[in-house]
Amino acid sequence: MSAPAVGPSSNRWTSFWFAPVAPAQLALCRIAWSAMCLFHLSTSGIQERIEAFDAAAPEYVPLPILSILSVPFGGPHALSAALLRALLYTIQCAGILALAGLGTRFVLPLFALGTLLVQSWAYSSGVISHDISLVQWGLFLLAFTPCGAAWSLDAWRARAKGNSTPAGLPVSGAGWPLRVVHVLLALAYLSAGMTKLARGAEEWFSGYTLQYYLSFHALRSQSEPGLWLMRHHGLMVAGASALILFETSFVLSLWVRRLAWIWAIGSLLVHTGASVCMGVHFPSFPLLALTILPWSSRLERKRARAFVSPRASPVEAPRECAPGIRDPAGVPVTSECPPRAPGS
Amino acid sequence: MHSRTRRVASVLIVISVGLQVLAITRLLCPPRSMGALSWLRVACTPRLWPFVDYPMFSDPHAPGDVLAWVDARSESVGGTLEVLGSHEVRRSSPAESWDAAYARQEERLRALLGPTLQGRAHSLRFERRHLVLSADGLVAPACDGCPDGKP
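Conventions we followed
- Residues numbered from 1 in each chain as written.
- Chains lettered and ligands numbered in written order.
- Predicted model: local features only at pLDDT ≥ 70, side-chain atom pairs only at ≥ 80, totals over all residues.
- Heavy atoms only, no water.
- Helix = DSSP H or I, 4+ residues; strand = E, 2+ residues; numbered from the N terminus.
- Buried < 20%, exposed > 50% of the residue type's maximum accessible area, 1.4 Å probe, protein only.
- Polar contact = N/O pair within 3.5 Å; in protein donor to acceptor, adjacent residues only side chain to side chain.
- Contact = heavy atoms within 4.5 Å.
- Pairing = 2+ DSSP bridges.
- Axes fitted to C-alpha atoms, helices over the stretch in contact; angles between N-to-C directions.
- Salt bridge = Lys/Arg side-chain N within 4 Å of Asp/Glu carboxyl O.
- pLDDT = per-residue confidence, 0-100.
- Patch = residues over 30% accessible without salt bridge, like charges linked within 9 Å, V, L, I, M, F, W, Y side chains within 5 Å.
- Areas by Shrake-Rupley, 256 points an atom, 1.4 Å probe, with all protein chains shown as cover.
- Lys, Arg positive; Asp, Glu negative; His and termini not counted.
- Charge placed at Lys NZ, Arg CZ, Asp CG, Glu CD.
- Buried area = accessible area lost by both parts, 1.4 Å probe.

**As for the side chain of A:Ser152**
All names here are of chain A.
And step 1. Among the structural elements, Ser-152 can be located in the loop between helix H7 (133-142) and helix H8 (153-161).
And step 2. Its relative accessible area of 8% is what places Ser-152 among the buried residues.
And step 3. One polar contact links the side chain of Ser-152 to the main-chain amide nitrogen of Ala-155, over a distance of 3.0 Å.
And step 4. Ignoring anything within four residues of it in the chain, the contact list for Ser-152 reads Arg-30, Ala-100 and Gly-101.

Spelled out as structure tokens, the structure:
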């Protein structure tokens, strides 16, 4: 039987989603996202909600994702305060282990699914928030990758046994969760920007809509920078335009990968500004935007440049070398090429 | 990466992006005013969580817009005041008077806060407050009793 033909659309799909990525990059996301989910679990008042939980309350309308995730426990109406308390404790333990990278292949899916379950339960009683949802979904996707192969106790144990994968060597196709998170983040910003334009572009560009919200939150939080800023209408006009430009153009960072850091810094500035001036804290988006940047490949390139002689030709002819040492998965660890002779 | 793993990943990619697109475009949540499409209202926010839309800070505002609220307090027999929070007042339509909107919110707060004070010798007190949007931000209105900023 012949192999199925691989067309250009399949190639485009593969090259867009399945880029190679270094385990160190995945590990950075594992650590940062797990830390944020753990922090959110312990500071968002879920413990208090569990204590006051009444499964028969009319406002408890389980979200579809909760209905799916709670099947092993008998469905969303079988969840009790005692079970949720035990789940929360288990999830927090799994989260700490995932953060440290111990038994990552087992504890990270457990932690990711557990946080989605507990959070969807909390949001099934009325008010929902979008503060952490993308991080939690991203963590679930990350569980399908070798993100415990670097910067983890698992990697340390493997190194001690002599069968580790170097953290800097890219793993073929493993970058798809980062790409998905990037796309979801771009869609979220696009949604925020387009909604502002659709509901009142004129009022937004006049600066008054932003001035209203900034004043409201600055007065509520008594933020000194916010109280100063709200009196400067010219800055509001400039800020409103800059914000729309940032939100609607973030999607370009999907294709202009080399300049993605500009939008990541923009995200950091926008949300730090909202936090300082309005008391509106939304750290998950800048965290995602910063962690999906290709940090490890940048560091690798820098390291490689540091070892290149200034007189060396930028393009070197390929050489026949010995295969070098390979790890159990067949990934080359070292090359046994002899050093080039000067002037060769 | 094995081809089976890649297939699973492809399914997750399609689900993630597809649900996020549905959430932000509201294709499966047409407005109630479009009665003929009511059968399509199957996935309104937050049914698709963790995929949600992001409409924050998008309701438009213009100079003269009012931010109105009620400060609720309970007063004991001895005259001690206990703050019970500030509660925003919104008109149900531009035609509704601010007086009616304040009264509606105070009635709601009486029903909400009243039971918590039962058995204690306290009375509920409300203070109506508002600010008006100007080029200097939200500021006190030019005169008393002119919540829309126009004397």
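Once you've had a look at it, read on.
**With respect to the sheet that holds strand S2 (residues 81-89) of chain B**
Strand pairing in a sheet relies on backbone hydrogen bonds, with the paired strands running either antiparallel or parallel.
All names here are of chain B.
And step 1. With antiparallel pairing, the four strands of this open sheet are ordered in space as S2-S1-S3-S4. The open sheet has two edge strands, S2 and strand S4 (137-139), and neither has a second partner. Direction aside, the axes of adjacent strands within the sheet are offset by 30 degrees on average.
And step 2. As defined by bridge partners, strand S1 (residues 66-76) adjoins strand S3 (residues 122-134) across 11 bridges and the pair is classed as antiparallel. Looking at S3, one finds that Ser-76 is bridged to His-122.

**Points about the pattern of salt bridges**
Residue and element names in this part refer to chain B.
And step 1. Tallied over the full model, the rule gives 11 salt bridges over all chains.
And step 2. For Glu-106, the salt bridge is made with Arg-128, and the minimal N-O distance between the two is 2.9 Å. Of this pair, Glu-106 sits in helix H2 (residues 98-117) while Arg-128 sits in strand S3, placing them 22 residues apart in sequence.
And step 3. One connected set of salt bridges, linked through shared partners, spans Asp-99, Glu-106 and Arg-128.

**Remarks on the confidence of the model for chain B**
Residues and elements named next belong to chain B.
And step 1. A residue-level look at chain B finds 90% of positions with pLDDT of 70 or above and a mean pLDDT of 86.
And step 2. Considering each helix and strand of chain B separately, the mean pLDDT is smallest for S2, with a value of 84, and largest for helix H1 (residues 3-25), with 94.
And step 3. Both scores are given for the predicted complex: the pTM is 0.84, the ipTM 0.84.

**Some points on a positive patch on the surface**
Residues and elements named next belong to chain A.
And step 1. Taken together, the side chains of Arg-258, Arg-301, Lys-302 and Arg-305 present a region of like positive charge at the surface.
And step 2. You can see Arg-305 is positioned in helix H15 (residues 295-307).
And step 3. What makes Arg-305 exposed here is its relative accessible area of 56%.

**Considerations on the interface of chain B and chain A**
And step 1. Between chain B and chain A, the contact holds 41 residues from the first and 54 residues from the second.
And step 2. Carbon and sulfur atoms supply 72% of the area buried between chain B and chain A, which totals about 4,300 Å² over both sides.
And step 3. On the chain B side of the contact with chain A, B:Trp49, B:Tyr54 and B:Phe57 bury the most area, a combined 21% of that side's loss.
And step 4. Inspection of the chain B/chain A interface yields one salt bridge.
And step 5. Its salt-bridge partner being A:Arg199, residue B:Asp59 comes within 3.2 Å of it at the nearest N-O pair.

**Considering the pairing of S1(B)**
Residues and elements named next belong to chain B.
And step 1. Most of S1 is tucked away: 10 of the 11 residues are buried.
And step 2. Sheet analysis places S1 next to S2, joined by seven bridges and oriented antiparallel. Along S2, the bridge assignment pairs Val-70 with His-87.

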